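# Coordinate inspection notes
The lines below spell out each chain.
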Amino acid sequence: MGIVLSHPAGGPDLALRLDPGRAEAAAGFDYFAIAVPDSAAIVALAARLETLGEPHGGVWRGLRGWVLPMLHDPDGHEVRFYTTEEHTSREPGEVMRMVDAQETAEQVRPAAP
């Protein structure tokens, strides 16, 4: 059983399926990330989640922008928010590499302004 959601302004559809066994087996996995415009928006989102009592990992400086990780849906899947705003300038074709995301984030903390 499932449902497909479409936004009236367009964009990709979101399909949700009911399969408790598979959901339990994939708990902790992040299937998708949701973009927010900038660091101010992601900080505001984190604050809003806190007022709702939703646990999360706080705002971190990521490889290219800011990330709000460790928010979980009712099945335990991680939902992450990333900014489309970048804090790092890159040369065209430059490869960016991160081996340990938490270690990299801790090296450049604090997160957002």
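All values derive from a computational prediction rather than experimental measurement.

### With respect to the overall build of the protein chain
The helix and strand tally for the protein chain stands at 3 helices and 6 strands. Starting at the N terminus, the α and β elements of the protein chain follow one another as β-β-α-β-α-β-β-β-α. Here the protein chain holds 113 residues, and 23% of them are scored as buried. Sequence-distant contacts in the protein chain: of pairs separated by 6 or more residues, those separated by 24 or more amount to 50%. A total accessible area of about 8100 Å² is found for the protein chain, and carbon and sulfur atoms account for 56% of it.

### Regarding the nonpolar core
Val36, Ile42, Ala46, Leu49, Val59, Trp66, Leu68, Leu71, Val79 and Phe81 form the largest nonpolar core, which has 10 residues in total. Listing elements by their share of this core, those giving two or more residues are helix H2 (39–51), strand E5 (66–72) and strand E6 (78–83). Here Val79 is in contact with Phe32, Ile34, Leu68, Leu71 and Asp73, once residues within four sequence places are set aside.

### As for the side chain of Glu78
Of note, Glu78 is situated in strand E6. A polar contact of 2.9 Å, which involves the side chain of Glu78, links it to the side chain of Arg80.

### As for the pairing of E6
Two elements, E5 and E6, share 4 bridges in a ladder whose sense is antiparallel. Note on E6: the bridge partner recorded for Val67 is Tyr82. Counting the residues between successive antiparallel strands, the hairpin from E5 to E6 contains 5 residues, one of them, Gly76, with a positive phi of roughly 90°.

### Some points on the confidence of the model for the protein chain
Per-residue pLDDT for the protein chain averages 79, and the proportion of residues at 70 or more is 79%. For the protein chain, per-element mean pLDDT is lowest for helix H3 (residues 101–107), which scores 56, and highest for H2, which scores 95. Of the regions scoring below 50 in pLDDT, residues 108–113 engages in 13 contacts with residues more than four places distant in sequence or in other chains.

### Description of the pattern of salt bridges
Enumeration according to the criterion identifies 2 salt bridges in this entry. A salt bridge links Arg80 to Glu78; the nearest nitrogen and oxygen atoms lie 2.9 Å apart. For Glu78, a relative accessible area of 8% corresponds to the buried category.

### Considering the side chain of His56
The topology assignment puts His56 in the loop between H2 and strand E4 (60–61). Of the polar contacts made by the side chain of His56, one reaches the backbone oxygen of Ala46; its length is 3.2 Å. In this structure the side chain of His56 is engaged in a polar contact, spanning 2.9 Å, whose partner is the backbone nitrogen of Gly58.

### Observations concerning H2
Taking 1.5 Å of rise per residue, the 13 residues of H2 would be expected to cover 18 Å, and the 19 Å separating its terminal C-alpha atoms lies within 8% of that figure. Turning to H2, its buried residues number three or more, namely Ser39, Ile42, Ala46 and Leu49. In an axial view of H2, the angular spread of the buried residues amounts to 85°, which keeps them on one side of the axis. Residues Ala40 and Thr51 are exposed on H2 and point more than 90 degrees away from its buried face. Capping the start of H2 is the job of one residue whose side-chain oxygen sits 3.3 Å from the backbone nitrogen of Ala40: Asp38.

Each value, and the rule that gives it
- Residues numbered from 1 in each chain as written.
- Predicted model: local features only at pLDDT ≥ 70, side-chain atom pairs only at ≥ 80, totals over all residues.
- Heavy atoms only, no water.
- Helix = DSSP H or I, 4+ residues; strand = E, 2+ residues; numbered from the N terminus.
- Buried < 20%, exposed > 50% of the residue type's maximum accessible area, 1.4 Å probe, protein only.
- Contact = heavy atoms within 4.5 Å.
- Areas by Shrake-Rupley, 256 points an atom, 1.4 Å probe, with all protein chains shown as cover.
- Core = buried A, V, L, I, M, F, W, Y, C linked by side-chain atoms within 4.5 Å.
- Polar contact = N/O pair within 3.5 Å; in protein donor to acceptor, adjacent residues only side chain to side chain.
- Pairing = 2+ DSSP bridges.
- pLDDT = per-residue confidence, 0-100.
- Salt bridge = Lys/Arg side-chain N within 4 Å of Asp/Glu carboxyl O.
- Expected span 1.5 Å × (residues − 1).
- Arc of directions from axis to C-beta.

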